Amino acid sequence: MLKTKMTELFGIQHPIMLAGMNWVTEPKLVAAVCNAGGLGMLAIARFNPKETKESIKQVRDMTDKPFGVNQILIGPGAKENISVAIEEKVPIINYSLGKPWFVNDVHAYGGKVMGTIAISKHATKAVQMGCDALAVTGHEAAAHGAAATSMVLIPLVASMVKVPLIAAGGFYNGQGLAAALALGADGISMGSRFMLTTESIVHENFKKLCLEATEQDTLYSHVFDGLDGRVLKTKEAEKMMKRGFPLFDAFRGALLVKKLLNLSFPKFMAVTIEMLRAEEGHNLWVLARQAVGNMKHLIALDEGDVEKGILFAGQACGGITDIPTTKELIDRVIAEAETTLSKLNALKA
Ligand SMILES: Cc1cc2nc3c(=O)[nH]c(=O)nc-3n(C[C@H](O)[C@H](O)[C@H](O)COP(=O)(O)O)c2cc1C
């Protein structure tokens, strides 16, 4: 057993979190992680409010353990989804890419807010805004890490803030968990590793590609969805790197997002105008580019099309060699971490 500030704060058994992954962390996977003693994070960015409410209920039907929701704050539907999560008194609200306006509302029912950061100066700001914990994302990560690797970022952030830190980006085994603890984190968040479990709904074709990938087989660029991010090296991802941003696809993608989120045209336009005024460059252009990323992810995840699809994936894929159940994985990572810590302890002269 490893007891850390993370396990204490969230009332969980193991310092291991299922990273919020849009399209991937749906109720079954979330509940499986919670029931195995970790912290499951339901990604809700792709849902409309009704689907968000229903998915939260589904998680609760499968587990009575603490869990969280993960919402990207840019894009249409974020405010509405966060309101549903607050109404439902979800124990942990994890956000990324934005500023949390809802901290007091979450604290009012005893919930916790976890900010996701990839740049050290954002850590201090997030804590000032009331975050109870931070997911600290290194460059190795799938999706939106920034320039600094976990090795540099975690100790830096640990020297700046006192809240529990959950290290994300490049973690897939117990040696990684032990290293994260040594660097000053209180636990790890794994995305790519949990994508390759029996309960994950990722299409078999992409699970196979991730298994075959070496640590060199990911690409990092802004061309995939408008924000710097990492995807698996597929034919389509390589094409996107060569040709840059596809304008026509962006328009089609924006309409798809409107349909998926069930937005009326006036609502879609209102959100668009609001985003044009938004801070930190999250403007209409980013929205359109996000839509392209969403569309190509659905081609990968639903259809398993390895030619046309793209999939966020991290360098950790290079070290992943099997598809265990979530429970087997969590038990193994904890056992490996304990062995690693004992070995390190034995080095003391
Ligand atoms: C398919 C996929 C979808 C993701 N979607 C989200 C998301 O909706 N919100 C978010 O904060 N992070 C998202 N991420 C990033 C993960 O939360 C996490 O930071 C990352 O997977 C950690 O790196 P690792 O893959 O090396 O473990 C996504 C990652 C993947 C692989």
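Residues numbered from 1 in each chain as written. Predicted model: local features only at pLDDT ≥ 70, side-chain atom pairs only at ≥ 80, totals over all residues. Heavy atoms only, no water.

J.: Explain the nonpolar core to me, please; I cannot follow it from the model alone.
T.: Inside soluble globular proteins, nonpolar side chains tend to come together where they are buried. Ranked by size, the top nonpolar core spans 79 residues in total, and within it I16, F102, L134, V157, I188 and F194 carry the most contacts. The dominant element in this core, judged by the number of residues it contributes, is helix α15 (residues 326–346), at five residues. Each of domain 1 (5–201 + 322–346) and domain 2 (205–301) gives at least three residues to this core. The contact partners of F102, leaving out residues within four places of it in the chain, are L73, I82, I86, I93, Y95 and V113. Listed in part, the 11 residues of the second largest apolar core include F10, L39, M41 and A135. (Core = buried A, V, L, I, M, F, W, Y, C linked by side-chain atoms within 4.5 Å. Buried < 20%, exposed > 50% of the residue type's maximum accessible area, 1.4 Å probe, protein only. Helix = DSSP H or I, 4+ residues; strand = E, 2+ residues; numbered from the N terminus. Domains from an automatic or database assignment. Contact = heavy atoms within 4.5 Å.)

J.: What am I meant to see in helix α8 (residues 174–183) here?
T.: It helps to recall that an α-helix has 3.6 residues per turn; residues three or four apart then point in one direction. Listed in full, the buried residues belonging to α8 are G174, G176, L177, A178 and A180. On its buried side, α8 packs onto β1 (16–18), α7 (150–160), β7 (165–168), β8 (187–190) and α15. For α8, the capping residue at the N-terminal end is N173, with a side-chain oxygen 3.3 Å from the backbone nitrogen of Q175. Just beyond α8, the residue with positive phi is G184, at close to 115°. (Polar contact = N/O pair within 3.5 Å; in protein donor to acceptor, adjacent residues only side chain to side chain.)

J.: Would you mind showing me how to read the sheet that holds strand β6 (residues 133–137) here?
T.: Two modes of strand pairing occur in sheets, parallel and antiparallel, and in both the strands are linked by backbone hydrogen bonds. Taken together, eight strands build an open sheet; the order of strands is β1-β8-β7-β6-β5-β4-β3-β2 and the sheet is parallel. Edge positions in the sheet fall to β1 and β2 (40–43), since each has one partner strand and no second. Between one strand axis and the next, the sheet turns by 25° as a mean value, whatever way the strands run. Taken together, the four bridges between strand β4 (residues 92–96) and strand β5 (residues 112–117) define a ladder with parallel strand orientation. Bridge pairing in β5 links I93 to V113. Here α7 sits on the sheet in contact with β5, β6 and β7, set at roughly 170° to β7. (Pairing = 2+ DSSP bridges. Axes fitted to C-alpha atoms, helices over the stretch in contact; angles between N-to-C directions.)

J.: Quick question: what am I supposed to make of a nonpolar patch on the surface here?
T.: A contiguous nonpolar patch, built from M151, V152, L156 and M160 and spanning about 370 Å² of accessible area, is present on the exposed surface. The residue M151 is located in helix α7 in this model. (Patch = residues over 30% accessible without salt bridge, like charges linked within 9 Å, V, L, I, M, F, W, Y side chains within 5 Å. Areas by Shrake-Rupley, 256 points an atom, 1.4 Å probe, with all protein chains shown as cover. Salt bridge = Lys/Arg side-chain N within 4 Å of Asp/Glu carboxyl O.)

J.: Can you help me understand the site of the ligand in this one?
T.: In the vicinity of the ligand, 19 residues are found, and the nearest of them are G20, S96, G170, G191 and S192. The backbone of N22 places a nitrogen or oxygen atom 3.0 Å from a nitrogen atom of the ligand. Contacts to the ligand include S192, whose side-chain N or O atom sits 2.6 Å from an oxygen atom. Counting only elements with at least two residues in the shell around the ligand, the list comes to β3 (67–72) and α9 (192–195). Residues of the shell around the ligand, tallied by class, amount to 10 nonpolar, nine polar and no charged. (Near = heavy atom within 4 Å. Nonpolar A, V, L, I, M, F, W, Y, C, P; charged D, E, K, R; others polar.)

J.: What's the story with the pattern of salt bridges in this structure? I'm lost.
T.: In a structure, side chains of opposite charge can pair up when their charged atoms sit close to one another. Throughout the structure, instances matching the rule amount to 12 salt bridges. The salt bridge involving R193 is made with D322; its shortest N-O contact spans 3.0 Å. In this pair, R193 is assigned in helix α9 and D322 in the loop between α14 (284–301) and α15, connecting sequence segments 129 residues apart. For R193, a relative accessible area of 2% corresponds to the buried category. For E307, the salt bridge is made with K235, and the minimal N-O distance between the two is 3.5 Å.

J.: Before we go on, may I ask you to explain the pairing of β6 in this structure?
T.: Two faces, one strand: in a regular strand the side chains alternate between the faces of the sheet. Burial analysis of β6 places five of its five residues in the buried class, which makes it a mostly covered element. What you see with β6 is no split at all: A133, A135 and T137 on one side and L134 and V136 on the other are buried throughout. Here β5 pairs with β6 via four bridges, running parallel. From the neighbouring strand, I117 faces β6, where its bridge partner is V136. The handedness of the β5 to β6 crossover, carried by helix α6 (residues 120–128), is right-handed. As defined by bridge partners, β6 adjoins β7 across four bridges and the pair is classed as parallel. The residue bridging L134 from the neighbouring strand is L165, located in β7. (Right-handed = clockwise from strand over helix to strand, strands pointing away.)

J.: Would you mind going over the packing of α8 against α15 with me for this structure?
T.: A pair of packed helices is captured by two measures, namely the crossing angle of their axes and the spacing between those axes. α15 packs onto α8 with a crossing angle of 55° between their chain directions and a minimal axis gap of 7 Å. Relative to α15, α8 is oriented oblique. Crossing of α8 against α15: the hand is right-handed. Only V333, I334, E336, A337, T340 and L341 of α15 make contact with α8, whose side of the interface consists of G174, Q175, L177, A178 and L181. In terms of residue class, the contact of α8 with α15 is made up of seven nonpolar, three polar and one charged. (Parallel < 35°, antiparallel > 145°, perpendicular 65-115°, else oblique. Left-handed = near helix turned anticlockwise from the far one by under 90°.)

J.: What is the right way to look at the side chain of E236 in this model?
T.: Within the secondary structure, E236 is located in helix α11 (residues 235–243). Judged by relative accessible area, which is 5%, E236 ranks as buried. If near-sequence neighbours (up to four positions away) are discounted, E236 is found in contact with R243, K296, E307, K308, G309 and I310.

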